[in-house]
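Close look at the chain arrangement
What follows is each chain in one-letter form.
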Amino acid sequence: RVIHTLRVSWRGSMDRSDASRSHIRWGGRIVTGPDRLYFYFALVAYAIPVGLYLARVCPLLEKYMSVSPYVVVGYLFAISIIFFFIASFADPGIIPRGVPPDIDPTASPFSIEEKHPSAKKVRIGNREFESKWCDTCNIYRPLRSTHCAVCNNCVEKFDHHCPWVGNCIGKRNYRYFLLYLYTTNLNVCFVIATCVAEIVLDTTRSPLYQSSQGNALKDTLDQSQYFAIIIPAYALIGLGFVGGLGGFHCWLAAKGRTTNESIKKMFFRQGNPWDMGVRRNCCSVLFPPSYLSFLNHE
């Protein structure tokens, strides 16, 4: 009943210029945040080293691994980019605005009586939680939902706003965000491992190895124009960021928490009411049902 009311009020609220900073296209099928610069930077920062690896390092690996590096890196890159685009362009779970209260614009703001309590009590089991009123969206936010200051929307099961994706990460796109992180980490690890293997194999099998190991190594790096050492060094820096983020979200998924809840230290003392155990928590994140979008797809 509440959901139906929110859907009806969404169309009118979206016509207002201040309704949302998100860019909503094709009837809500494509949703992006207002900040897209980091999105393009992240895309280029990932695509260029992969292209250089395929062009400069893979030919040197063909004598040891045939076309396997092309297939593995190309496949992991393709599916990670697909997950990246889905997370970036999907509706994260934007909650439609409610109907604003009728207030006399000529009245003094100090004389206006509060029409809505600041929060309502919601009972889950034996515990009570507060569903807070959002003055911007004119709704009581569902539990685990938060108003994103960047996109100016309330988002279901809000995790965080990711500038690299250029969108909020919430109930409907969190799974694709995680899959992007994990496939990217696998790709980075494979690139680092094969680059190191190429350097070691070519150096130890070089005719110069017996007389001068330093000259053998230099000859090996010259063959790849030093990309065999530049690319893994760059990948290690990326792994520190993407790998750390992936590990943090592994912990969050296992605990049944969101980034927002972790930062605010919610449920740390009294326990998390949404914690179903590690296995069920991970399954609910990686294999969720198809959540309904409140945006108009007509």
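Residues numbered from 1 in each chain as written. Predicted model: local features only at pLDDT ≥ 70, side-chain atom pairs only at ≥ 80, totals over all residues. Heavy atoms only, no water.

1. Looking at the overall build of the protein
Put simply, the test is: By definition, any uninterrupted DSSP run of H or I lasting at least four residues is a helix, any uninterrupted run of E lasting at least two residues is a strand, and each is numbered from the N terminus. Burial status follows relative accessibility: with a 1.4 Å probe on protein chains alone, a residue under 20% of its type maximum counts as buried, one over 50% as exposed, and anything between as partly exposed. For this analysis, residues touch if any pair of their heavy atoms sits within 4.5 Å. Methods summary: accessible areas were calculated by the Shrake-Rupley approach with a probe of 1.4 Å, and residue burial reflects only the protein chains presented.
Within the protein one finds eight helices and 10 strands. The buried share among the 298 residues of the protein stands at 41%. A separation of at least 24 residues holds for 63% of the contacts in the protein among residues at least 6 apart in sequence. Roughly 16600 Å² of accessible area belongs to the protein as shown, and the carbon and sulfur atoms make up 62% of that amount.

2. Some words on the pairing of strand 5 (residues 127-134)
Defined as follows: A strand pair is defined by DSSP finding two or more bridges across the two strands.
Alignment of strand 4 (residues 119-124) against strand 5, held across six bridges, turns out to be antiparallel. Its bridge partner lying in strand 5, Arg123 is registered against Glu128. Between strand 4 and strand 5, which pair antiparallel in sequence order, lie two residues; one of them, Gly125, sits at a positive phi of approximately 65°. Between strand 5 and the antiparallel strand that follows it, strand 6 (residues 139-140), lie four residues; Asn138 among them carries a positive phi value of about 60°.

3. Overview of helix 3 (residues 68-89)
The test is simple: Helix span is expected to be 1.5 Å times the residue number reduced by one.
Relative to the 32 Å expected for 22 residues at 1.5 Å per residue, helix 3 spans 32 Å between its end C-alpha atoms, a close match to the ideal helical length. Its buried side turned inward, helix 3 meets strand 2 (30-32), helix 2 (37-65), strand 10 (167-169) and helix 4 (174-204).

4. Some remarks on the sheet that holds strand 8 (residues 153-155)
Sheet strands pair by backbone hydrogen bonding; their relative direction is either parallel or antiparallel. On the basis of which strands lie adjacent, the open sheet formed by three strands has the order 3-8-7 and antiparallel pairing. Lying at the two open borders of the sheet, with one neighbouring strand each, are strand 3 (94-95) and strand 7 (146-148). In this structure, strand 3 lies alongside strand 8, joined through two bridges in antiparallel fashion. Its bridge partner lying in strand 8, Ile94 is registered against Val155.

5. Points about the environment of Val31
Note on placement: Val31 falls in strand 2. Among the residues examined, Val31 registers a relative accessible area of 0% and is labelled buried. Once the C-alpha coordinates of Val31 and Asp91 are considered, the two residues, 60 residues apart in sequence, prove to be 5.3 Å apart. Not counting the four nearest positions on each side in its chain, Val31 is found in contact with Ser22, His23, Ile24, Ser88, Phe89, Ala90, Asp91, Pro92, Ile94, Asn167 and Leu295.

6. As for the side chain of Thr146
Mapped onto the secondary structure, Thr146 falls in strand 7. Among residues more than four places away in sequence, those in contact with Thr146 are Arg141, Asn153, Cys154, Val155, Phe158, Asn260 and Lys264.

7. Considerations on the sheet that holds strand 6
The three strands lie next to each other as 4-5-6, forming an open sheet whose pairing is antiparallel. This sheet does not close on itself; its edge strands, each paired only once, are strand 4 and strand 6. Of the strand pairs in this sheet, strand 5 and strand 6 are connected by two bridges, and their pairing is antiparallel. Of the residues in strand 6, the one forming a bridge with Trp133 is Tyr140.

8. Observations concerning the packing of aromatic side chains
Counted only if it meets this: Between the rings of Phe, Tyr and Trp (Trp by its six-membered ring), a pair exists once the centres lie within 6.5 Å; its type follows the angle of the planes, with under 30 degrees stacked, over 60 edge-to-face, and the other angles tilted. Two conditions define a charge sitting above a ring: the NZ of Lys or the CZ of Arg must be within 6 Å of the ring centre, and it must be within 35 degrees of the ring normal.
Under the criterion given, the structure shown has 14 aromatic pairs. Centroid distance Phe85 to Phe89: 5.6 Å. Interplanar angle 20°. Geometry classified as stacked. Of this pair, Phe85 and Phe89 both sit in helix 3, four residues apart, roughly one helical turn. For Phe85, a relative accessible area of 31% corresponds to the partly exposed category. On the basis of relative accessible area, Phe89 is assigned to the partly exposed category, the value being 25%. Aromatic side chains Trp164 and Phe241 sit 6.1 Å apart centroid to centroid with 70° between the ring planes, which places their arrangement in the edge-to-face category. Taken together, the residues span a long stretch of sequence, with Trp164 in the loop between strand 9 (160-162) and strand 10 and Phe241 in helix 6 (residues 227-255) at a distance of 77 residues. Connected via pairs of aromatic rings, a cluster forms that spans Phe39, Tyr40, Phe84, Phe85, Phe89 and Tyr180. Stacked on the ring of Phe39, the Lys or Arg Arg36 has its end atom at 4.2 Å from the ring centre. Between Arg36 and the ring centre of Phe89, over which it is positioned, the NZ or CZ distance is 5.0 Å.

9. What about the pattern of salt bridges?
As a reminder of what qualifies: Note on definitions: salt bridges are taken to be side-chain nitrogens of Lys or Arg within 4 Å of carboxyl oxygens of Asp or Glu.
All told, the structure shown has six salt bridges when counted by the stated rule. The residue Lys121 makes a salt bridge to Glu130 at a minimum N-O spacing of 3.5 Å. Between Glu156 and Lys171 there is a salt bridge; the shortest N-O distance is 3.7 Å. Of the two residues, Glu156 is situated in the loop between strand 8 and strand 9 and Lys171 in the loop between strand 10 and helix 4; the sequence distance between them amounts to 15 residues.

10. Remarks on the nonpolar core
Applied cut-off: As used in this record, nonpolar core signifies buried Ala, Val, Leu, Ile, Met, Phe, Trp, Tyr and Cys residues forming a set joined through side-chain atoms within 4.5 Å.
In terms of nonpolar packing, the biggest core is built from 19 residues, with Phe84, Val165, Ile169, Tyr174 and Phe177 touching the most fellow members. Elements with a contribution of two residues or more to this core: helix 2, helix 3, helix 4 and helix 6.

11. Quick look at helix 6
To keep things clear, this is the line we draw: What the bend at a residue measures is the angle between two axes, fitted to the seven residues ending there and to the seven starting there.
Taking 1.5 Å per residue as the helical rise, helix 6 with its 29 residues ought to reach 42 Å, and the 40 Å between its terminal C-alpha atoms agrees with that figure. Helix geometry: helix 6 is bent most strongly at Leu239, by close to 30°. Considered for burial, the residues of helix 6 that qualify are Phe227, Ala228, Ile231, Pro232, Ala235, Val242, Gly246, His249, Leu252 and Ala253. On its buried face, helix 6 is in contact with helix 2, strand 9, helix 4, helix 7 (259-263) and helix 8 (278-286).

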